[in-house]
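Listed below, chain by chain, are the residues.
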Amino acid sequence: MSDAAAAGYLKTLFLHPPSYEGFDGGAGSRYQARREVRSFWYPTWLAQPAALVPGSRLVDAPPAGLRLEDVLPLAREYELAVLHTSTPSFSYDVKVAEALRAEHPRLRIGFVGAHVAVHPEDALAASDAIEFVARSEFDFAIQEVAQGRPLERVRGLSYRANGVVRHTPERPTLEDMDALPFVVDVYRRDLTIEQYFIGYLLHPYVSLYTGRGCQSKCTFCLWPQTVGGQRYRTRSVAHVLDEITLARRYFPHVREYFFDDDTFTDDLPRAEAIARGLGRLGVTWSCNAKANVPYETLKVLKDNGLRLLLVGYESGDQRILNNVKKGLRLDVARRFARDCRDLGITTHGTFVLGLPGETRETIEGTIRYACELDPHTIQVSIAAPYPGTALYREAVDGGWLRGPDLVSGRGFQQSALSYPHLSSAQIFEAVEAFYTRFYFRPRKLWAITREMARDRRLLGRRLREGVEFFRFLAQRGR
Ligand code: SF4
């Protein structure tokens with residue numbers, strides 16, 4: 001008897017399906033697209049329910065380089081398959097589900113992720129292979145399905161019965177975040193952590209969440225408006241530190257831990273308490289932050305092992321920040337960038353082109369702003385109107401939606417938005433100009449060269465990433 005059967009569970013496969021080559025679109029990726037350099041976030045949203053289902057297995061196909069023919073034989077080994085999907089990858093994921101079902105006709109298949117949470121009917125209508133979809137937070141809903149509970153008795157599901165779509169009542173929002181099990185057990189059991197790269201993080205790294213939700217109301221941001229909520233619900237400090245302690249035992253060679261909460265700094269006293277605990281453990285760590293953290297808190301974090309902050313600056317135009325309800329002033333962000341530099345905190349700045357109010361002049365202003373802030377590294381993305389976001393509704397009302405596709409047929413991000421004064425092609429082209437002008441400044445080139453000269457390991461990695469980056473730009477242009 002298998003572990004799953006012994007514990008009274010269906011034998012369950014959690015799958016991030018094979019997708020476009022180099023596609024970072026797993027259950028941990030905030031916007032799904034092929035990246036500039038090899039990048040993969042951990043499939044944390046799938047690891048959480050996987051940790052609740054004894055005898056399950058998590059397969060993250062893209063980082064492992066698995067193609068459809070590699071995962072198909074798995075279908076026969078399982079009774080239930082839970083696939084994480086996204087808006088850009090949905091049609092591809094449906095094909096995978098249909099192939100799994102053809103391989104094993106009795107396999108039960110459910111989809112999870114923000115895309116199906118927003119449009120459960122459409123998702124179920126896409127294919128008979130999808131038996132159910134889970135809406136919003138799905139951890140315990142999936143656990144109940146895996147326990148064999150009838151779908152009509154599992155809250156937070158949509159399913160088809162006699163050709164009709166039915167919705168069970170919403171699940172209450174999860175408040176006791178310590179009820180979520182540690183994901184590092186699943187990482188150790190099912191993943192090869194060396195396959196996970198993020199350009200600006202040390203390698204190997206491990207990322208996990210210490211809470212869900214974000215108290216900001218950015219109109220373009222998917223998770224807080226769909227699966228996470230606009231309130232920061234957190235695990236206790238002790239629970240987080242216990243998981244990091246365990247992770248260090250499992251992965252002694254990990255060089256950095258990343259807290260991928262939407263905004264880890266939403267609760268400053270808690271962030272400081274976790275930092276102090278991490279300082280005692282002696283780990284190097286990084287996290288997402290909003291560009292308004294005061295100097296005093298930054299100092300506590302830095303003094304306790306913080307290496308890098310991932311910061312969403314988004315735009316250098318105050319009107320655009322106001323349009324998207326970022327809740328951030330440019331002067332505050334400038335002070336924050338200065339404080340980080342003074343304290344020796346590395347920053348990775350993220351910028352978005354094509355948000356409402358964007359013009360050729362504001363793009364120019366944002367490029368100058370990025371050069372002035374001078375984060376260590378940057379990411380430039382294209383505004384993506386995901387269904388379920390306020391930006392999507394605004395785009396529909398404003399007639400800006402050029403088409404439904406957020407990525408091209410090869411997984412490259414493309415602009416689904418087009419304005420009367422700024423076309424989608426102009427937004428697309430501005431990304432490359434942004435990168436070029438930011439990185440090909442004498443000051444930046446000198447900083448990169450110095451950094452590589454100091455660290456031989458980094459030298460090899462940066463050279464590889466440089467080649468990948470130029471290949472990415474060339475392919476994207478084509
Ligand atoms: S602050 Fe960041 S995580 Fe929070 S809603 Fe805005 S973009 Fe999303």
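The structure displayed is predicted, hence computed values, not measured ones.

Chemist: Could you give an account of the overall build of the protein chain, naming the residues involved and the relevant values?
Modeler: When helices and strands are counted, the protein chain shows 20 helices and 17 strands. Taken over C-alpha atoms, the radius of gyration comes to 22 Å for the protein chain, in line with the 23 Å a tight globule of 478 residues would show. Dimensions along the principal axes, computed over C-alpha positions, put the protein chain at roughly 60 × 55 × 40 Å. For the protein chain, the residues scored as buried account for 47% of the 478 residues in total.

Chemist: An account of the packing of helix 2 (residues 44-52) against helix 8 (residues 139-146) is requested, with residue identities and associated values reported.
Modeler: For any two helices packed against each other, one specifies the inter-axial angle together with the distance between the axes. Viewed as axis vectors pointing N to C, helix 2 and helix 8 meet at an angle of 40°, and their least axial separation amounts to 9 Å. With respect to helix 8, the element helix 2 is oriented oblique. In terms of crossing hand, the pair formed by helix 2 and helix 8 is right-handed. Note on element contacts: helix 8 touches helix 2 through D139, I142 and Q143, opposite Q48, P49 and L52. Tallied by class, the residues present in the contact of helix 2 with helix 8 amount to three nonpolar, two polar and one charged.

Chemist: Please set out the site of the ligand residue by residue, giving values where relevant.
Modeler: By nearness alone, every residue bordering the ligand is listed as C214, S216, C218, C221, P224, D262, T263, K290 and G312. Here the residues of the shell around the ligand are counted per class, giving four nonpolar, three polar and two charged.

Chemist: Can you lay out the sheet that holds strand 16 (residues 346-353) for me, pointing to particular residues and giving the numbers?
Modeler: Overall, parallel pairing links the six strands, which are arranged 10-13-14-15-16-17 in an open sheet. Strand pairing shows two members of the sheet lacking a second neighbour, strand 10 (205-208) and strand 17 (377-382), which therefore form its edges. Along the sheet, successive strands turn relative to each other by an average axial angle of 20°, direction set aside. Across the face of the sheet, helix 18 (residues 424-439) comes into contact with strand 16 and strand 17 while running at roughly 175° to strand 17.

Chemist: If you had to explain helix 5 (residues 90-103) to someone new, which residues and values would you point to?
Modeler: The end-to-end C-alpha separation of helix 5 is 20 Å, in line with the 20 Å expected for 14 residues at 1.5 Å each. Buried residues belonging to helix 5 abut helix 4 (68-71), strand 5 (80-84) and strand 6 (108-112).

Chemist: Kindly report on unusual backbone geometry, identifying the contributing residues and their values.
Modeler: In this structure, P204 follows H203 across a cis peptide bond, with omega equal to -5°. Note on placement: P204 falls in the loop between helix 9 (184-190) and strand 10. Even without being glycine, S136 reaches a positive phi, approximately 40°. The backbone of D374 sits at a positive phi, close to 55°, despite the residue not being glycine. You can see D374 is positioned in the loop between helix 16 (360-373) and strand 17.

Chemist: So what's going on with the packing of helix 11 (residues 237-250) against helix 12 (residues 268-281)? Which residues, and what values?
Modeler: The interhelical angle for the contact between helix 11 and helix 12, taken along N-to-C directions, is 30°, at an axis separation of 10 Å. Here helix 11 lies roughly parallel to helix 12, going by the angle between them. Handedness of the crossing formed by helix 11 with helix 12: right-handed. Contact residues: V237, V240, L241, I244 and T245 in helix 11; R270, A273, I274, G277, L278 and L281 in helix 12. Counted by class, the contact of helix 11 with helix 12 contains eight nonpolar, two polar and one charged residues.

Chemist: Talk me through the domain arrangement of the protein chain; I want residue IDs and the actual numbers.
Modeler: Looking at the protein chain, the domain boundaries give domain 1 (3-167) and domain 2 (198-439). Taking the mean C-alpha position of each, domain 1 and domain 2 sit 27 Å from one another. Looking at the side of domain 1 that touches domain 2, the element that brings in the most residues is helix 6 (residues 114-118), giving three residues.

Chemist: Explain the nonpolar core to me, and be specific about the residues and the numbers.
Modeler: Grouped together as the largest cluster of nonpolar side chains are 138 residues, with contacts concentrated most on A47, A81, L353 and A383. Here this core gathers at least three residues from each of two domains, domain 1 (3-167) and domain 2 (198-439). Once you skip the residues sitting within four places of it in the chain, L353 turns out to touch E358, I363, V380, I382, A383, I427, A430, V431 and F434.

Chemist: Provide a residue-level description of the sheet that holds strand 7 (residues 132-134), including the pertinent values.
Modeler: With respect to topology, seven strands assemble into an open sheet ordered 4-1-5-6-7-8-9, the strand pairing being mixed. In the strand order of this sheet, the two ends are held by strand 4 (57-60) and strand 9 (164-167), each with one partner. Strand after strand, the sheet turns through a mean of 20° between neighbouring axes, direction not considered. This element, helix 5, spans strand 5 and strand 6 of the sheet and lies at about 170° to strand 5.

Chemist: Tell me about the pairing of strand 10, residues and numbers included.
Modeler: Here strand 10 shows two buried faces, one formed by Y205 and S207 and the other by V206 and L208. Sheet topology places strand 10 next to strand 13 (residues 256-259); four bridges connect them, and they run parallel. Opposite Y205, over in strand 13, you have E256 as the bridge partner.

Chemist: I'd like to hear about the environment of V186, residue by residue, with values.
Modeler: As for its placement among the helices and strands, V186 is situated in helix 9. Overall, the presence of 25 C-beta atoms within 10 Å leaves V186 in the buried class. In this structure the C-alpha to C-alpha distance between V186 and L406, which are 220 residues apart in sequence, comes to 31 Å.

Chemist: With reference to specific residues and values, describe the pairing of strand 16.
Modeler: Pairing between strand 15 (residues 306-314) and strand 16: six bridges, direction parallel. Directly across from L308, in strand 16, lies its bridge partner T346.

Chemist: If you had to explain the environment of G199 to someone new, which residues and values would you point to?
Modeler: Mapped onto the elements of the fold, G199 is located in the loop between helix 9 and strand 10. Distance from G199 to H84, taken between C-alpha atoms, is 24 Å for residues 115 residues apart in sequence.

Conventions used here
- Residues numbered from 1 in each chain as written.
- Predicted model: local features only at pLDDT ≥ 70, side-chain atom pairs only at ≥ 80, totals over all residues.
- Helix = DSSP H or I, 4+ residues; strand = E, 2+ residues; numbered from the N terminus.
- Rg over C-alpha atoms; globule rule 2.2 N^0.38 Å.
- Buried ≥ 20, exposed ≤ 12 C-beta atoms within 10 Å, placed from the backbone.
- Axes fitted to C-alpha atoms, helices over the stretch in contact; angles between N-to-C directions.
- Parallel < 35°, antiparallel > 145°, perpendicular 65-115°, else oblique.
- Left-handed = near helix turned anticlockwise from the far one by under 90°.
- Contact = placed C-beta atoms within 7 Å.
- Nonpolar A, V, L, I, M, F, W, Y, C, P; charged D, E, K, R; others polar.
- Near = placed C-beta within 6 Å.
- Pairing = 2+ DSSP bridges.
- Expected span 1.5 Å × (residues − 1).
- Domains from an automatic or database assignment.
- Core = buried A, V, L, I, M, F, W, Y, C linked by C-beta atoms within 7 Å.

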